[in-house]
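Listed below are the residues making up each chain.
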Amino acid sequence: MDWDAAAAAFDDEPDHGLRAPGVRAAWAARLRSWLPGHPADVLDLGCGTGSLSLLAAEQGHRVTGVDSSPAMAGRARAKLAGRDAVVLHGDAASPPVGERRYDVILVRHVLWTLPDPAAVLRRWRALLRPGGRFVLVEGVWGTVDPVGTPADRLVALLEPVTRHARVERLSDDPALWGRAVDDERYAVLATV
């Protein structure tokens, strides 16, 4: 996929741009329940145009977004202007954050695209502070040629690098997607 070419229309999808008040409120509520109740350092990998980064920043978190598409990163920077946030252009699998450590790694619909998710999760684990958490929103889309990662597979991949992982099903909440969906969508929340 040419993410630079897709950037201009990316936010047109209800669950990407979070423009509809109901969709935005649904994602804000989920993030509030998933992220710490105090200001924390959040690393949003594959942040796209920064919609979830913006919600996290609005909830008082310090956000670093990373995206491999310069056009997506540019749109995220514009969306986050004036917030306690920075957006970096770089590879989500190997984020350009140096020795910095985070309280939360937030990833939505990215892990399934990476060729070696187990290695990536180990790399990301090293970026978390003790007691930090993963918030991984993934799924399996399509019926003829489904793509994605089933929840049980992601939980198994997390076992070597986390203490506790739980799955929160998201498919049955149409407010998150702007419509009813019948594929597998979920979040895995895991602490280290």
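**Q** When you look at the packing of helix α3 (residues 21-34) against helix α4 (residues 51-58) in this model, what are you seeing that I'm missing?
**A** Between two packed helices, the angle of one axis relative to the other and the distance separating the axes together describe the packing. In contact at an axis separation of 10 Å, α3 and α4 are set at 60° when each is read in the N-to-C sense. Here α4 runs oblique to α3, going by the angle between their axes. Between α3 and α4 the crossing geometry is right-handed. Residue-level contacts link Arg 24, Trp 27, Ala 28 and Leu 31 of α3 to Leu 52, Leu 54, Leu 55, Ala 56 and Glu 58 of α4. In the contact of α3 with α4, the residues fall into seven nonpolar, no polar and two charged.

**Q** For this particular structure, what's the right way to read the packing of aromatic side chains?
**A** Here the distance between the centres and the angle between the planes together describe a pair of aromatic rings. Summed over all chains, the structure comprises four aromatic pairs. Here the aromatic cluster, defined as three or more aromatic residues joined through ring pairs, consists of Trp 27, Trp 34 and Trp 177. Arg 108 extends its terminal NZ or CZ atom over the ring of Trp 27, reaching a point 4.9 Å from the ring centre. Over the ring of Trp 177 we find Arg 185; its NZ or CZ atom is 4.5 Å from the centre of that ring.

**Q** How should the layout of surface pockets be read in this particular structure?
**A** Take a probe with the size of a water molecule and roll it over the atoms, and the empty space left behind shows itself. Taken as a whole, the largest pocket spans an internal volume of roughly 740 Å³. Lining the largest pocket are 32 residues, and of these Trp 3, Phe 10, Arg 108, His 109 and Val 110 lie nearest its centre. Within the residue set of the lining of the largest pocket, elements represented by two or more residues are α1 (3-10), α2 (14-17), α4 and β2 (62-67). Element by element, the count of residues in the lining of the largest pocket is highest for α1, at three residues. Residues belonging to the lining of the largest pocket are distributed by class as follows: 14 nonpolar, ten polar and eight charged.

**Q** Looking at this structure, how should I read the nonpolar core?
**A** Buried together is how nonpolar side chains tend to be arranged in soluble globular proteins. Counting 30 residues, the largest nonpolar core has Trp 27, Leu 31, Trp 34, Leu 52, Leu 55, Val 135 and Leu 170 as the members making the most contacts within it. If you list the elements that add at least two residues to this core, you get α3, α4, α5 (70-80), β4 (102-108), β5 (128-141), α8 (174-177) and β8 (184-191). At six residues, α3 tops the list of elements feeding residues into this core. In this structure Leu 170 touches Arg 30, Trp 34, Val 137, Leu 176, Trp 177, Arg 185, Tyr 186 and Ala 187, once residues within four positions along its chain are discounted. In terms of nonpolar packing, the next biggest core, distinct from the first, is built from 29 residues, Leu 43, Ala 93, Leu 111 and Ala 190 among them.

The rules behind the values
- Residues numbered from 1 in each chain as written.
- Predicted model: local features only at pLDDT ≥ 70, side-chain atom pairs only at ≥ 80, totals over all residues.
- Heavy atoms only, no water.
- Axes fitted to C-alpha atoms, helices over the stretch in contact; angles between N-to-C directions.
- Helix = DSSP H or I, 4+ residues; strand = E, 2+ residues; numbered from the N terminus.
- Parallel < 35°, antiparallel > 145°, perpendicular 65-115°, else oblique.
- Left-handed = near helix turned anticlockwise from the far one by under 90°.
- Contact = heavy atoms within 4.5 Å.
- Nonpolar A, V, L, I, M, F, W, Y, C, P; charged D, E, K, R; others polar.
- Phe/Tyr/Trp six-rings, centres within 6.5 Å; stacked < 30°, edge-to-face > 60°.
- Lys NZ or Arg CZ within 6 Å of the ring centre and 35° of its normal.
- 1 Å grid on protein atoms, 1.4 Å probe; cavity = no way out; pocket = protein on both sides within 12 Å on 5 of 7 lines; lining within 4 Å.
- Points joined across faces, edges and corners; volume = space filled by probe spheres on them.
- Core = buried A, V, L, I, M, F, W, Y, C linked by side-chain atoms within 4.5 Å.
- Buried < 20%, exposed > 50% of the residue type's maximum accessible area, 1.4 Å probe, protein only.

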